[in-house]
Amino acid sequence: MIKQIFAKIETDEELLPAEIKELLQLEDKAEIKTLFDLAYKIKLKYIGNKAYFRGIIECGNICMKDCYYCGIRRSNENVERFLMDRKEILREAVWAFENNYGSIVIQSGERSDATFINLIEQALLEIKDHTGGKLGITLSLGEQTPATYRRWFNAGAHRYLLRIETSNRELYRKLHPEDHSFDVRLNCLKSLREAGYQVGTGVMIGLPFQTIDNLVDDILFFKAMDIDMIGMGPYLVHSETPLAKEMPNFDSRREYQLELSLKMIAVARIYLKDINIAATTALQALKHDGRELGLLAGANVIMPNVTETEFRPNYQLYDNKPCMDENSSMCRGCLSGRIAKIGEVIGFDEWGDSPHFASRQQKKV
Ligand code: SAH
Ligand code: SF4
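Just so we're clear, the structure is a prediction, and the values are computed from it rather than from any experiment. (Residues numbered from 1 in each chain as written. Chains lettered and ligands numbered in written order. Predicted model: local features only at pLDDT ≥ 70, side-chain atom pairs only at ≥ 80, totals over all residues. Heavy atoms only, no water.)

Thoughts on the overall build of the protein
When helices and strands are counted, the protein shows 14 helices and 10 strands. Against the 2.2 N^0.38 benchmark of 21 Å for 365 residues, the protein shows a C-alpha radius of gyration of 19 Å, consistent with a compact globule. Principal-axis analysis of the C-alpha atoms gives the protein an extent of 55 × 45 × 40 Å. Put simply, the protein has 365 residues, and 61% of those count as buried. Here the contacts in the protein between residues at least 6 apart in sequence split such that 74% fall between residues at least 24 apart. For the protein, the accessible area works out to roughly 15100 Å², and carbon and sulfur atoms hold 52% of it. Seen as two clouds, the 47 positive and the 52 negative side-chain charges of the protein have centres 3 Å apart. (Helix = DSSP H or I, 4+ residues; strand = E, 2+ residues; numbered from the N terminus. Rg over C-alpha atoms; globule rule 2.2 N^0.38 Å. Buried < 20%, exposed > 50% of the residue type's maximum accessible area, 1.4 Å probe, protein only. Contact = heavy atoms within 4.5 Å. Areas by Shrake-Rupley, 256 points an atom, 1.4 Å probe, with all protein chains shown as cover. Lys, Arg positive; Asp, Glu negative; His and termini not counted. Charge placed at Lys NZ, Arg CZ, Asp CG, Glu CD.)

And the structure:
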């Protein structure tokens, strides 16, 4: 049976949901290796062996939301809150630009007040100005109104990451307070597309209450939404969150979480082919070379932290986040070496847009 599935992948035939499930449930190490190799081959065919860098600027940890899994949720009183000013955001963006990162991601806790919306808009305009429009900009700033998404798009952002977290409504409800709405999040993904962004979404993998069937549905959801980019990674416990008690044995699950996340990346690559897929920092929190393993399982984007070291300790979505005391230059040097070692080339100075987005645009004409 598994041989037949592998053969189908080799000939580019579309997998059935039951086959996706079987892949996610693989336990035999040799078979898992075959899965990753097949996904890597598909990456080479549709994308090449280039890893694109997105310097991530974590510009603030003030959040109106109270997601049960996240370390910077509103109710966590142990967090020292911060918000960068325009100059600080610009400084880090320019650092990324001068260090040949083709793109950045600006991420923060969720805020929808006018001060925040203006700050981001101004920062975008200034970054565009200072880099001659050459630096690609992705935003990851949560749920906003269609008007806000449009304003930020017009100010120069062109990609947006908003994870659905899980495509299963019931599971979504278990992970969030009642006033957090799955439908609102879903509609945000639609508004982002309408505003013109390349749209990225993703899920957490290995969540409490999550089944393998849920993950299969997540993969089908990505396809049904025709998304351009995926940023997904393992769920990691943050000890000061309500969800932590659901997984008291987290340490013994680390390897399982890593392997399942890599299998999801591989299956997403095989099923969706020409999209961008990130090897997220959360993979590295589970294993020092977790992101490289992600690239080898089919991912093609890495998001090195370019946030100033002084801010990093206050942006901990989960426990044991890596590289807390390294500055951006150290991150750049360290990563470049690691990527060369696995035979990949870094797409310096390139935006590295999702080929999937480009082909959808072409179809429209
Ligand atoms: N506030 C924005 C962006 C910052 S959070 C938003 O929520 O969209 C970015 C991502 O971090 C979230 O989408 C979530 O998937 C992830 N995250 C939060 N807590 C996490 C945890 N404990 N383990 C793994 N990922 C987590
Ligand atoms: Fe806020 Fe995002 Fe964390 Fe939810 S996941 S609490 S929205 S920062």
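Notes on the pairing of strand 3 (residues 136-140)
A large share of strand 3 lies buried, amounting to 5 of its 5 residues. The two faces of strand 3 match: Gly136, Thr138 and Ser140 on one face and Ile137 and Leu139 on the other face are all buried. Pairing of strand 2 (residues 103-108) with strand 3, which is carried by 5 bridges, proceeds in the parallel orientation. Along strand 3, the bridge assignment pairs isoleucine 106 with leucine 139. (Pairing = 2+ DSSP bridges.)

A short note on the packing of helix 2 (residues 17-24) against helix 10 (residues 250-272)
Taken N-terminus to C-terminus, the directions of helix 2 and helix 10 make an angle of 145°; their axes are 9 Å apart at the nearest point. As helix 2 packs across helix 10, the resulting crossing turns out to be right-handed. Within the contact between the two elements, helix 2 uses Ile20, Leu23 and Leu24 and helix 10 uses Leu260, Lys263, Met264, Val267 and Tyr271. Here the residues of the contact of helix 2 with helix 10 are counted per class, giving 7 nonpolar, no polar and 1 charged. (Axes fitted to C-alpha atoms, helices over the stretch in contact; angles between N-to-C directions. Left-handed = near helix turned anticlockwise from the far one by under 90°. Nonpolar A, V, L, I, M, F, W, Y, C, P; charged D, E, K, R; others polar.)

Focus on the pattern of salt bridges
Under the criterion given, the structure shown has 31 salt bridges. With a closest N to O distance of 3.2 Å, aspartate 213 and lysine 21 form a salt bridge. With aspartate 213 in helix 9 (residues 212-224) and lysine 21 in helix 2, this residue pair connects regions lying 192 residues apart in the sequence. A relative accessible area of 40% means that aspartate 213 is categorised as partly exposed. The partner of lysine 245 in a salt bridge is glutamate 246, with the nearest N and O atoms 3.8 Å apart. Residue classification places glutamate 246 among the partly exposed residues on the basis of a relative accessible area of 36%. Put simply, Lys65, Glu110, Glu143, Glu165 and Arg185 are held in one network by salt bridges that share partners. (Salt bridge = Lys/Arg side-chain N within 4 Å of Asp/Glu carboxyl O.)

Describing the nonpolar core
Core analysis: the biggest nonpolar cluster contains 113 residues, and Leu23, Ile106, Leu139, Trp152 and Tyr197 have the highest contact counts within it. Ranked by residue count, the leading element in this core is helix 10, at 12 residues. Residues lining this core come from more than one domain, with at least three contributed by each of domain 1 (1-35) and domain 2 (49-364). Excluding its chain neighbours within four sequence positions, the residues that come into contact with leucine 23 are Ile2, Ile5, Phe6, Ile9, Leu15, Leu35, Lys263 and Val267. Counting 8 residues, the second-largest nonpolar core is a separate cluster that includes Tyr52, Ile56, Val105 and Ala278. (Core = buried A, V, L, I, M, F, W, Y, C linked by side-chain atoms within 4.5 Å. Domains from an automatic or database assignment.)

Structural notes on the site of ligand 1
Lining the immediate environment of ligand 1, one finds 18 residues, of which Tyr69, Arg163, Glu165, Arg185 and Leu236 sit closest. Serine 108 places a main-chain nitrogen or oxygen 3.1 Å from a nitrogen atom of ligand 1. Residue glutamate 165 places a side-chain N or O atom 2.6 Å away from an oxygen atom belonging to ligand 1. Burial of ligand 1 by the protein amounts to 92% of the accessible area it has alone, namely 540 Å². Per-class residue counts for the shell around ligand 1 are 9 nonpolar, 5 polar and 4 charged. (Near = heavy atom within 4 Å. Polar contact = N/O pair within 3.5 Å; in protein donor to acceptor, adjacent residues only side chain to side chain.)

With respect to the environment of leucine 335
Within the fold, leucine 335 resides in helix 13 (residues 328-341). Residues leucine 335 and cysteine 188, 147 residues apart in the sequence, show an inter-C-alpha distance of 33 Å. Beyond its immediate stretch of four places on either side in the chain, leucine 335 contacts Phe53, Arg291, Ile302 and Pro304.

Digging into the domain arrangement of the protein
For the protein, the assigned domains read domain 1 (1-35) and domain 2 (49-364). Here the C-alpha centroids of domain 1 and domain 2 sit 27 Å apart. Across the contact, 14 residues belong to domain 1 and 17 residues belong to domain 2. Buried area between domain 1 and domain 2, both sides added, is near 1400 Å², and the carbon and sulfur share of it is 71%. Its largest share of buried area at the contact with domain 2, domain 1 owes to Ile20, Leu24 and Leu35, together 43% of the area lost on that side. Scanning the region where domain 1 abuts domain 2 turns up 4 salt bridges. (Buried area = accessible area lost by both parts, 1.4 Å probe.)

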